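Tertiary structure, described
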Amino acid sequence: MNHLLAQWKLLLAAAAIAVAALTALVYSSLRSPVRPEEVERRRRLHLNQIGRIADGQVVELVEQPAEHAASRGGFLRAKARPRVSGEGRKLVWYSYSISGVIYQTAQDITGLDSQVRFEELVAGQPASVKYDPANPSDSILVADDWSGLR
């Protein structure tokens, strides 16, 4: 009798695991995917909250027309970028140094017009960069409610 009771508990546990796995599978297939713009917005928000500030410098400004950006898929395939329909891409290349290591990267500032006017930026201008102390190569010049551009 104890042997049957032990098997019954084992079967119940296996059934519970199967139901949990099926529920997770259904949830993941029905849930809408997170848009790249939202991923980038969350990254900027996170860096704005936890980031440390370092001195940096604007290196280059690139403005890509809308038809060119659409045909090539944008600037950076590795990172999510904000998408604004009918508008070209605005990319700011910048450099900064952390513990003697020089980083050079770019941020797509399309859609962040409330924080920065692309037309007023110039190569060589100083800037403050917020970076992740755990991963100094992850950085921003501009966030939704912060700008390091001077």
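For the structure, see preceding data.
Residues numbered from 1 in each chain as written. Predicted model: local features only at pLDDT ≥ 70, side-chain atom pairs only at ≥ 80, totals over all residues. Heavy atoms only, no water.

**Let's talk about the pattern of salt bridges**
Inspection of every chain in the model, using the stated rule, returns nine salt bridges. A salt bridge links Glu40 to Arg43; its shortest N-O distance comes to 3.0 Å. Of this pair, Glu40 and Arg43 both sit in helix H2 (residues 36-50), three residues apart, which is roughly one turn of the helix. A salt bridge links Asp113 to Lys90, with the nearest nitrogen and oxygen atoms 3.5 Å apart. One end of the pair, Asp113, is in the loop between strand E3 (101-108) and strand E4 (126-132); the other, Lys90, is in strand E2 (residues 89-98), and 23 residues separate them in sequence. (Salt bridge = Lys/Arg side-chain N within 4 Å of Asp/Glu carboxyl O. Helix = DSSP H or I, 4+ residues; strand = E, 2+ residues; numbered from the N terminus.)

**Focus: the pairing of strand E1 (residues 52-64)**
Inspection of the sheet shows E1 paired to E4 by six bridges, in the antiparallel sense. Bridge assignment links Gln57 to a residue of E4, and that residue is Pro126. Here eight bridges tie E1 to E2, and the two strands are oriented antiparallel to one another. The partner of Leu61 across the bridge, within E2, is Val92. (Pairing = 2+ DSSP bridges.)

**Topic: a nonpolar patch on the surface**
Taken together, Leu22, Leu25, Val26 and Leu30 make up a surface patch of nonpolar side chains, about 420 Å² in accessible area. Looking at the element boundaries, Leu22 is found in helix H1 (residues 2-30). (Patch = residues over 30% accessible without salt bridge, like charges linked within 9 Å, V, L, I, M, F, W, Y side chains within 5 Å. Areas by Shrake-Rupley, 256 points an atom, 1.4 Å probe, with all protein chains shown as cover.)

**Let's talk about the nonpolar core**
Membership of the largest hydrophobic core comes to 18 residues, with the highest contact counts inside it found for Val92, Tyr96, Ile109, Leu121, Leu141, Val142 and Leu149. Breaking this core down by element, the ones donating at least two residues are E1, E2 and E4. Of the residues forming this core, the biggest block, four residues, is contributed by E2. Ignoring any residue separated from it by four or fewer positions in sequence, one finds Leu121 in contact with Leu61, Val92, Ile109, Val116 and Leu149. (Core = buried A, V, L, I, M, F, W, Y, C linked by side-chain atoms within 4.5 Å. Buried < 20%, exposed > 50% of the residue type's maximum accessible area, 1.4 Å probe, protein only. Contact = heavy atoms within 4.5 Å.)

**Focus: the side chain of Asp138**
Here Asp138 is to be found in strand E5 (residues 135-140). With near-sequence residues (within four places) excluded, Asp138 lies in contact with Arg43, Leu47, Tyr96, Lys130, Tyr131 and Asp132.

**Some points on the environment of Leu121**
Checked against the element boundaries, Leu121 lands in the loop between E3 and E4. When the C-alpha atoms of Leu121 and Arg150 are compared, they prove to be 9.1 Å apart, with 29 residues separating the residues in sequence.

**With respect to H2**
For an α-helix, 3.6 residues make a turn, and residues three or four places apart therefore share a direction. Taking 1.5 Å of rise per residue, the 15 residues of H2 would be expected to cover 21 Å, and the 21 Å separating its terminal C-alpha atoms lies within 8% of that figure. Taken as a whole, H2 has its buried residues at Glu37, Glu40, Arg43, Arg44, Leu47 and Asn48. Viewed end-on, H2 has its buried residues packed into an arc of 130°, placing them on one side of the element. Structurally, H2 contributes buried residues whose contacts are with E3, E4, E5, strand E6 (142-143) and strand E7 (146-147). (Expected span 1.5 Å × (residues − 1). Arc of directions from axis to C-beta.)

So, to be careful, I would describe these as geometric facts and stop short of saying anything about function.
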